[in-house]
Structure formats: structure tokens, C-alpha cells
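Descriptive structure summary
Residues per chain, in single letters:
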Amino acid sequence: QVQFVESGGGLVQPGGSLRLSCAASGRIFSINAMGWFRQAPGKQRDMVARISIGGDTNYADSVKGRFTISRDAKNTVWLQMNNLKPEDTAVYSCFAQKSGQPTPSYWGQGTQVTVSL
């Protein structure tokens, strides 16, 4: 199993910034990629950003140019979110993906991000 420690969510005004972090532990040798999904009330869960062990990144079109994902060598990832918009309001969940698997294998507990005046 893989365990996560997530932090960084909260309330911010439109145009503001937040930084999420996610530290993985446990069977991390099996992890090939990490990132975040988000889910707003009444909507499906969508991928926000993903970074592979080699540093390759993927972003949802809606966050390109505003969000940046990064990682260190010890399976901690960060999501820098700038110019936040009300439509970014959601629960953001960290995930880890095992090598050879097309979908996330492990999930964090999630953190709320609210963008509002």
C-alpha cells in the first residue's frame, strides 16, 4: 500500500494562488507517476496534472499556463496554482500510479480548494 500526506488547500480569492503538496510513503518503489484529480459538486472527477518519474508532465487544458506540477526525488509532489478562478473550486485528490497501469492505483484523502470573493 501507499500512504499520502496532503496539505495546502483552503479559501482564496479569484486571481490568487495556492500550493498543494502530497508526500507518498510505503510501497513507493512501484510508483511510476503522481498527480492530482479534482471533483466539484455534481461533476465527474477529472485529472488536473500528472508528473512521471522521469519528469514528463500532463495538464488539463483548463489549467495549462496557470498550474505547475513538480516533484522531488523522494516522491513528494507539489501543485502550484496561480490565477485561480471560481471554476477551480473542487476537492483535489492526490494519486499515485503503478508502473504498467493506465489509471491511478492509490488515492489520497483529498483537500478542499475554494475560490471565492
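For the structure, see preceding data.
First, a word on what this report is: a plain description of the structure on this page. Predicted, not measured: the structure shown is a model, and the values here were computed from it.

With that settled, the discussion passes to the overall build of the protein chain. Per the secondary structure count, the protein chain includes 0 helices and 11 strands. On C-alpha atoms alone, the protein chain measures out to a radius of gyration of 13 Å, which is about the 13 Å that the 2.2 N^0.38 rule sets for 117 residues. Residues counted as buried form 44% of the 117 residues belonging to the protein chain. Considering only intrachain contacts with a sequence separation of at least 6, the fraction spanning at least 24 residues in the protein chain is 53%. Taken together, the 12 basic and 7 acidic charged side chains of the protein chain have centroids lying 5 Å from each other.

So, about the nonpolar core. Ranked by size, the top nonpolar core spans 29 residues in total, and within it Phe4, Met34, Trp36, Leu79, Met81 and Tyr92 carry the most contacts. Within the residue set of this core, elements represented by two or more residues are β1 (2-7), β3 (18-26), β4 (31-39), β5 (46-52), β7 (67-71), β8 (76-81), β9 (90-98) and β11 (111-115). With residues up to four places along the chain from it excluded, the contact list for Met34 reads Phe4, Cys22, Ala24, Ala49, Arg50, Ile51, Ile69, Asn75, Val77, Cys94, Phe95 and Ala96.

Before going further, it helps to spend a moment on the packing of aromatic side chains. Scanning all chains against the criterion turns up 3 aromatic pairs. Ring plane angle 75° and centroid distance 5.2 Å describe the contact between Phe37 and Phe95, whose orientation is recorded as edge-to-face. Of this pair, Phe37 sits in strand β4 while Phe95 sits in strand β9, and the two are 58 residues apart along the sequence. Accessibility assignment for this pair places Phe37 and Phe95 in one class, buried. Their ring planes at 75° and their centres at 5.1 Å tell us that Phe37 and Trp107 sit as a pair that is edge-to-face.

Hydrogen bonds along the backbone pair up the strands of a sheet, which may run parallel or antiparallel. What the 4 strands build is an open sheet, ordered β1-β3-β8-β7; its pairing is antiparallel. Two strands close off the open sheet at either side, each with one partner strand: β1 and β7. Across the sheet, the axes of successive neighbouring strands diverge by a mean angle of 15°, strand direction being ignored. Direction of pairing for β1 relative to β3: antiparallel, over a ladder of 6 bridges. Across the sheet, the residue bridging to Val5 is Ala23, located in β3.

A few words on the environment of Arg71. Mapped onto the elements, Arg71 comes out in strand β7. In the structure, Arg71 is positioned 28 residues away from Lys43 in sequence and 28 Å away in space, judged by C-alpha atoms. Those residues in contact with Arg71 that sit more than four places away from it in its chain are Ile51, Ser52, Ile53, Thr76, Val77 and Trp78. One polar contact links the side chain of Arg71 to the main-chain carbonyl oxygen of Ser52, over a distance of 3.3 Å. Polar contacts involving the side chain of Arg71 include one to the side chain of Asn75, which spans 3.0 Å.

With that settled, consider the environment of Ser52. Structurally, Ser52 can be placed in strand β5. Considered as a pair, Ser52 and Ala96 are 44 residues apart in the sequence and their alpha carbons are 9.8 Å apart.

Scoring rules and cut-offs
- Along each chain, the written sequence defines residue order, and numbers are assigned to residues from 1.
- The model is predicted, so local features are restricted to residues of pLDDT at least 70 and side-chain atom pairs to those at 80 or more, both for listing and for counting; the totals for chains, interfaces and linings are taken over all residues.
- The side-chain figures draw on all heavy atoms in the structure; neither hydrogens nor water molecules are used.
- Each helix corresponds to a stretch of at least 4 residues labelled H or I by DSSP, and each strand to a stretch of at least 2 residues labelled E; elements are numbered beginning at the N terminus.
- For a compact globule the rule gives 2.2 Å times the number of residues to the power 0.38, and the radius of gyration it is set against comes from C-alpha atoms.
- Relative accessible area decides the class of each residue, using a 1.4 Å probe on protein chains only: under 20% of the type maximum gives buried, over 50% gives exposed, and in between gives partly exposed.
- When checking whether two residues touch, look at their non-hydrogen atoms; a contact exists if any pair is within 4.5 Å.
- Charge counting treats Lys and Arg as positive and Asp and Glu as negative, with His and both chain ends excluded.
- Throughout, a charge is located at the NZ atom of Lys, the CZ atom of Arg, the CG atom of Asp or the CD atom of Glu.
- Put simply, a nonpolar core is a bunch of buried Ala, Val, Leu, Ile, Met, Phe, Trp, Tyr and Cys residues held in one set by side-chain atoms that sit within 4.5 Å of each other.
- In summary, the pairing rule links any two rings of Phe, Tyr or Trp, Trp by its six-membered ring, whose centres are within 6.5 Å, and it sorts them by plane angle into stacked for under 30 degrees, edge-to-face for over 60 and tilted for everything else.
- By definition, two strands form a pair when at least two bridges between them are found by DSSP.
- Each axis is a line fitted through C-alpha atoms, taken for helices only over the stretch in contact, and angles between the N-to-C directions span 0 to 180 degrees.
- Two N or O atoms form a polar contact when they lie within 3.5 Å of each other; inside protein one atom must be a possible hydrogen donor and the other a possible acceptor, and for residues adjacent in sequence the pair counts only when both atoms belong to side chains.

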